[in-house]
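# Analysis of the macromolecular model
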Amino acid sequence: MKKKNVLTAALALSVAAILAVGGSLAYFTDKDAKENVFTVGDVEIQLDENYEEDSKLYPGAEKDAVTKEVDVTNIGSENAYVRVHIAVPSALDANGYIHLLRNESSWAWEAGTYTTKIGDLNYNVYVATYQEALAAEEQTKEHALNSVYMDKKVTNEIIKELEKAGVITATQPDAQRRLNIQVMAEGVQEAGFETAGAAAAFEAALPYSADSNPFIGYKAIN
């Protein structure tokens with residue numbers, strides 16, 4: 001069975017028309033999802049996340065990857081550029097414990113990551129921008145993210161260390177463990193940026209940083 005979750009809310013911003021959607025996927029159990037949406041103006045987008053319910057993530061190789069397909073759909077009436085932020089707990093990412101299988105033909109990925117704190121954990125955030133504007137009712141033609149797998153070097157001892165650090169959690173001592181990879185999608189109007197392109201549109205509307213990003217809220221632009 002596949003799950004697709006969307007929740008909408010509104011937030012006023014003094015920048016170009018934008019909408020963002022976010023979700024976190026619980027791995028090892030794959031049952032919990034959280035969504036956050038920010039909307040302004042006439043641009044509306046929808047984050048589409050497909051993953052197999054109850055799938056489990058084991059240490060291994062690419063062939064053992066868990067499906068996590070990330071797409072974005074323009075559900076508004078205006079042409080829009082879209083972008084995704086994919087947040088991986090820093091303790092997993094910095095040590096090469098988790099691998100993201102990404103699409104790099106239709107999506108332009110930033111060369112590095114930025115680090116932000118979500119709740120009590122530090123996350124490394126990967127950012128990818130879809131290279132074409134989406135027309136009304138159009139979905140990205142290729143997934144930004146295809147799947148995720150855990151590196152074979154992860155041992156029971158490492159799992160225990162990650163549990164102590166709160167990176168991997170369990171609701172009960174004997175329950176299956178969970179880790180969260182969080183996703184946020186954003187959209188900005190194409191109007192006014194037809195020539196400059198998607199990167200310029202987002203730089204003008206939503207320049208992000210470690211302390212000003214969609215996971216913790218953008219700071220007002222003076």
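## Some remarks on the pairing of strand β9 (residues 114-118)
- Side chains Tyr114, Thr116 and Ile118 of β9 all project onto a buried face; the interleaved residues Thr115 and Lys117 project onto a face where none is buried.
- Summarising the sheet, β9 and strand β10 (residues 121-130) pair through five bridges and their orientation is antiparallel. Of the residues in β10, the one forming a bridge with Thr115 is Asn124.
- The hairpin formed by β9 and β10 contains two residues between the paired strands, and Gly119 there has a positive phi angle of roughly 65°.

## Here we look at helix α3 (residues 198-205)
- Looking at α3, one finds that the buried residues are Ala198, Ala201, Phe202 and Ala205. An end-on view of α3 places all buried positions within 90° of arc, on one side of the element. Residues of α3 that are exposed and angled more than 90 degrees away from the buried face: Ala199 and Glu203.

## What about helix α2 (residues 156-164)?
- All of the buried residues along α2 are Ile158, Ile159 and Leu162. Down the axis, α2 shows its buried residues gathered within 100° of arc, on one side only. Along α2, the residues that are exposed and aim more than 90 degrees away from the buried face are Asn156, Glu157, Glu161 and Lys164.
- Looking at the buried side of α2, the elements it contacts are α1 (90-93).
- At the C-terminal side of α2, Gly166 shows a positive phi close to 80°.

## With respect to the nonpolar core
- Val84, Ile86, Leu92, Ile98, Leu100, Trp107 and Ile181 are the most contacted members of the largest nonpolar core, which totals 45 residues.
- With seven residues, the single largest contributor to this core is β10.
- Contacts of Leu100, omitting those with residues within four sequence positions, involve Ile86, Val88, Tyr126, Leu145, Ser147, Val148 and Ile181.
- Formed by nine residues, the second largest nonpolar core is a distinct cluster that contains Phe193, Ala198, Phe202 and Tyr218.

## Observations regarding the pattern of salt bridges
- Evaluated as defined, the whole model comprises six salt bridges.
- The salt bridge partner of Glu49 is Lys68, with a shortest N-O separation of 2.5 Å. One end of the pair, Glu49, is in strand β3 (residues 45-51); the other, Lys68, is in strand β5 (residues 66-74), with 19 residues separating them in the sequence. Neither Glu49 nor Lys68 differs from the other in exposure class; each is buried.
- Across the pair Lys141 and Glu138 runs a salt bridge whose closest N-O atoms are separated by 2.8 Å.

How each quantity is defined
Residues numbered from 1 in each chain as written. Predicted model: local features only at pLDDT ≥ 70, side-chain atom pairs only at ≥ 80, totals over all residues. Heavy atoms only, no water. Buried < 20%, exposed > 50% of the residue type's maximum accessible area, 1.4 Å probe, protein only. Helix = DSSP H or I, 4+ residues; strand = E, 2+ residues; numbered from the N terminus. Pairing = 2+ DSSP bridges. Arc of directions from axis to C-beta. Contact = heavy atoms within 4.5 Å. Core = buried A, V, L, I, M, F, W, Y, C linked by side-chain atoms within 4.5 Å. Salt bridge = Lys/Arg side-chain N within 4 Å of Asp/Glu carboxyl O.

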